[in-house]
Amino acid sequence: MSEGKYPINLWVNDDRYDKLKNAGLADMCKEMLAGLKVIQVYANDAEKDQILKLYPMAKFDSATTKSIELLPREVKDKIFDKVIVQKSIDTAVGAFLADH
Amino acid sequence: MAELGHGGKKIVERIMSASEAKKKAKGLTQIPVRGQIAKEIINIAYGFFTPLQGFMGKKDLDAVVKRMKLADGKTIWSIPILFDMSEAEIEKYGVKAGQTVLLTFEGNPMATFKVDEIYAYDKAKICKSVYGTDEDKHPGCARTYQYKDKFVGGKIMLVNKPKINPPYEPYFIPPLEMRKKFKQKGWQRVVAHQTRNVPHTGHEWLMKGAWLQAYGELPIEKPIVGVLVNAIIGDKRKGDYIDEAIILTQDELRKSGYFGDHNHLTSLTFWDMRYAGPKEAIFHAMLRTNLGLSHHMYGRDHAGVGTYYDAYDAHHLFLKVQKDLKIKPTFSMNWLYCPHCGEVTNEGLCSHKPEWQKFSGTLIRSIVQDGVKPPRLIFRPEVFDLVMESAEKYGFGSPFVTDEYLEKRTPVFSIPPMKV
């Protein structure tokens, strides 16, 4: 069975956009929902399970968006910081979880 | 003329006058009740639960469990309304069949309760029938298993009206009053929008679509169809929107002109959700029949939780029992954003499927939580601003339920002191 890939949406506010621009990563943003900027980082199966266990208020929206939602803002800020440091959307979740 | 509610039964408010209440309540054994029971007392007393006159006895419970009907064999009823007590409490208060006791909430007299019977019932059997599972991780089953071991059936009469606290007062509109409002507005048909959410434009379009469906063949020279938002206000979980934000933003859609006085009204019902999916959908139909509505909107996974129910189980059950319900369903497909159309559209209308951008209440909460203001096509700016204002005014800085909110929030209603 192939490995799952579960997006976490990091919605890009002005503060996050400035950080991306300064790191030369502004083109990582996608436009979703009528032009709203987002960076999608991905968790694999094990990372998804681990993150939902660590943050029980978060949930995997299996019905509509198929993404992990409702992570606390400070958690998303930390994952966002990993994106900036690692310049990657694929390894940021793993790097964040390695700190826990 | 009598107002007829669910099952064709007359809606009667079971509320004593102040002078009668003082006489009848005097000297009765006082039994405190928790929030869930207090809400259900209000619903029985004001007719939201017509034809129930009190908490269910064994025959009614058995009929609900076995046939989704009351003991009369005719009236559909899908969720048991039960008053539970432990053996120790029954002994402590000396509760016996034939006796009348006084139920109190937070120390103040609320209702008389004429005990008809005390009985036991298999809780797992209730769960399997109502929730389709007996797993205790289902929140409805968990609530059922938390009931104490005995049930007490009997009629209630309210002796002390609840005080609905700000900002909720204008939204508590009991069945008889609601029906008067509909007449004043000249609405011939009214469609219910069930909610526990702050509205995004997907919800707004669910309402607009249901309004169009309900309008049907009626003449259009003047507005004669309305949408009633009936917010369920009950137990909160951490991470939910705070109740104040829910009720105020629903009404904001009218105030900001996305709807108007001529076609939109916001109200609330006190009820702790059971997440019974299809059975709760039928329960909502009964409740809204009593409020005087002609139509009820159902989207996908109505009142469901986790993966217990298929997306359209509620629709299927409704169609099975429709002949025994007075209210008509309007079923709705999903609304979504299509960048090609440049608008919120319906999956049954738009053919740009590969481009669709679906959104949910969860996704919008996630955006708000990230401190981002969603585009107006997805979330109305007036609604966003009011969510943030509610966070400051009522939510201790957060639009979402926190431990602090649960501990310090102003209760939605309270029972005033009363000397007996």
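In this report, the structure presented in the accompanying data block is examined.

Rules used in this analysis
Residues numbered from 1 in each chain as written. Chains lettered and ligands numbered in written order. Predicted model: local features only at pLDDT ≥ 70, side-chain atom pairs only at ≥ 80, totals over all residues. Heavy atoms only, no water. Helix = DSSP H or I, 4+ residues; strand = E, 2+ residues; numbered from the N terminus. Rg over C-alpha atoms; globule rule 2.2 N^0.38 Å. Buried < 20%, exposed > 50% of the residue type's maximum accessible area, 1.4 Å probe, protein only. Contact = heavy atoms within 4.5 Å. Lys, Arg positive; Asp, Glu negative; His and termini not counted. Charge placed at Lys NZ, Arg CZ, Asp CG, Glu CD. 1 Å grid on protein atoms, 1.4 Å probe; cavity = no way out; pocket = protein on both sides within 12 Å on 5 of 7 lines; lining within 4 Å. Points joined across faces, edges and corners; volume = space filled by probe spheres on them. Nonpolar A, V, L, I, M, F, W, Y, C, P; charged D, E, K, R; others polar. Buried area = accessible area lost by both parts, 1.4 Å probe. Salt bridge = Lys/Arg side-chain N within 4 Å of Asp/Glu carboxyl O. Polar contact = N/O pair within 3.5 Å; in protein donor to acceptor, adjacent residues only side chain to side chain. Expected span 1.5 Å × (residues − 1). Patch = residues over 30% accessible without salt bridge, like charges linked within 9 Å, V, L, I, M, F, W, Y side chains within 5 Å. Areas by Shrake-Rupley, 256 points an atom, 1.4 Å probe, with all protein chains shown as cover. Core = buried A, V, L, I, M, F, W, Y, C linked by side-chain atoms within 4.5 Å. Domains from an automatic or database assignment. Disulfide = S-S within 2.5 Å. Axes fitted to C-alpha atoms, helices over the stretch in contact; angles between N-to-C directions. Parallel < 35°, antiparallel > 145°, perpendicular 65-115°, else oblique. Left-handed = near helix turned anticlockwise from the far one by under 90°.

Observations concerning the overall build of chain B
Phase 1: Within chain B, the secondary structure is distributed over 14 helices and 15 strands.
Phase 2: Its C-alpha radius of gyration of 22 Å places chain B within 12% of the 22 Å reference for a compact globule of 420 residues.
Phase 3: Classification of the 420 residues of chain B by burial places 60% in the buried group.
Phase 4: Look at the contacts in chain B between residues 6 or more apart in sequence, and 74% of them connect residues 24 or more apart.
Phase 5: Between the averaged position of the 60 positive side-chain charges in chain B and that of its 48 negative side-chain charges there is a distance of 7 Å.

A word on the environment of B:Phe396
Phase 1: Relative to the helices and strands, B:Phe396 is located in the loop between helix H13 (381-394) and helix H14 (403-408).
Phase 2: B:Phe396 has contacts with B:Ala391, B:Glu404, B:Tyr405, B:Lys408 and B:Arg409, leaving out every residue within four places of it along the chain.

As for the layout of surface pockets
Residue and element names in this part refer to chain B.
Phase 1: Taken as a whole, the second largest pocket spans an internal volume of roughly 510 Å³.
Phase 2: Every residue lining the second largest pocket is counted, 27 residues in all, and those nearest its centre are Pro-51, Leu-52, Gln-53, Gly-54 and Asp-60.
Phase 3: Those elements that place two or more of their residues in the lining of the second largest pocket are strand E2 (54-55), helix H3 (58-67), strand E5 (108-119) and strand E6 (150-158).
Phase 4: The biggest single contributor to the lining of the second largest pocket is E6, with 3 residues.
Phase 5: Among the residues forming the lining of the second largest pocket, the class breakdown is 10 nonpolar, 8 polar and 9 charged.

Section: the interface of chain A and chain B
Phase 1: Taken residue by residue, the interface counts 23 residues in chain A and 20 residues in chain B.
Phase 2: With both sides pooled, the region where chain A packs onto chain B buries about 1,800 Å², and carbon together with sulfur makes up 63% of that total.
Phase 3: Inspection of the region where chain A meets chain B yields 2 salt bridges.
Phase 4: Here B:Asp370 and A:Lys76 are joined by a salt bridge, their closest N and O atoms 3.1 Å apart.
Phase 5: Our count for the chain A to chain B interface comes out at 10 residue pairs in polar contact (both at pLDDT 80 or more).
Phase 6: Breaking the side of chain A that touches chain B down by element, the ones donating at least two residues are strand E1 (6-11), strand E2 (30-32), strand E4 (59-61), strand E5 (67-69) and helix H3 (73-86) of chain A.
Phase 7: In terms of residue count, the dominant contributor to the side of chain A that touches chain B is E1(A) (3 residues).
Phase 8: Grouping the amino acids of the side of chain A that touches chain B by side-chain chemistry returns 11 nonpolar, 5 polar and 7 charged.

Digging into the side chain of B:Gln99
Phase 1: Within the secondary structure layout, B:Gln99 lies in the loop between helix H4 (87-93) and strand E4 (100-105).
Phase 2: Here B:Gln99 is in contact with B:Thr29, B:Tyr93, B:Gly94, B:Phe113, B:Lys114 and B:Val115, once residues within four sequence places are set aside.

Description of H13(B)
All names here are of chain B.
Phase 1: In this model H13 runs 19 Å from its N-terminal to its C-terminal C-alpha over 14 residues, within 8% of the 20 Å that 1.5 Å per residue would give.
Phase 2: By the burial criterion, the buried members of H13 are Pro-381, Val-383, Phe-384, Leu-386, Val-387, Ser-390, Ala-391 and Tyr-394.
Phase 3: Against helix H9 (243-255), helix H12 (361-369) and H14 lie the buried residues of H13.
Phase 4: Looking at the residues trailing H13, positive phi occurs at Phe-396, about 55°.

Brief notes about a positive patch on the surface
Phase 1: Together, A:Lys66, B:Arg300, B:Lys353 and B:Lys358 line one region of the surface with positive charge.
Phase 2: Along the chain, B:Lys353 falls in the loop between strand E14 (343-346) and H12.
Phase 3: Exposure remark for B:Lys353: the relative accessible area of 58% places this residue in the exposed category.

Thoughts on the nonpolar core
Phase 1: Judged by nonpolar contacts, the single largest core of 137 residues is most densely connected at B:Ile41, B:Phe49 and B:Trp77.
Phase 2: Residue assignment places this core across two domains, with domain 1 (6-161) and domain 2 (169-414) of chain B each supplying three or more.
Phase 3: Residue contacts for B:Phe49: discarding those within four places in its chain leaves B:Glu40, B:Asn43, B:Ile44, B:Trp77, B:Ile81, B:Trp271, B:Phe283, B:Leu287 and B:Asn290.
Phase 4: By size, the runner-up hydrophobic cluster in this structure holds 24 residues, among which are A:Ile68, A:Leu71, A:Ile84 and A:Phe96.

Thoughts on the state of the cysteines
Residue and element names in this part refer to chain B.
Phase 1: All told, the structure shown has 0 disulfides over all chains when counted by the stated rule.
Phase 2: In this structure Cys-141 is not part of a disulfide, and its nearest cysteine sulfur, from Cys-127, lies 3.6 Å away.
Phase 3: Not engaged in a disulfide, the cysteine Cys-338 finds its nearest cysteine sulfur in Cys-341; these two sulfurs lie 3.6 Å apart.

Things to note about the packing of helix H10 (residues 278-290) of chain B against helix H11 (residues 313-321) of chain B
Residue and element names in this part refer to chain B.
Phase 1: Contact pair H10 / H11: the axes reach a minimum separation of 8 Å and the direction vectors enclose 55°. Considered as vectors, H10 and H11 are oriented oblique to each other. Here H10 runs over H11; the crossing is right-handed. Each of Pro-278, Lys-279, Ala-281, Ile-282 and Ala-285 in H10 lies in contact with H11, whose residues at this interface are Asp-313, Ala-314, Leu-317, Phe-318 and Val-321.

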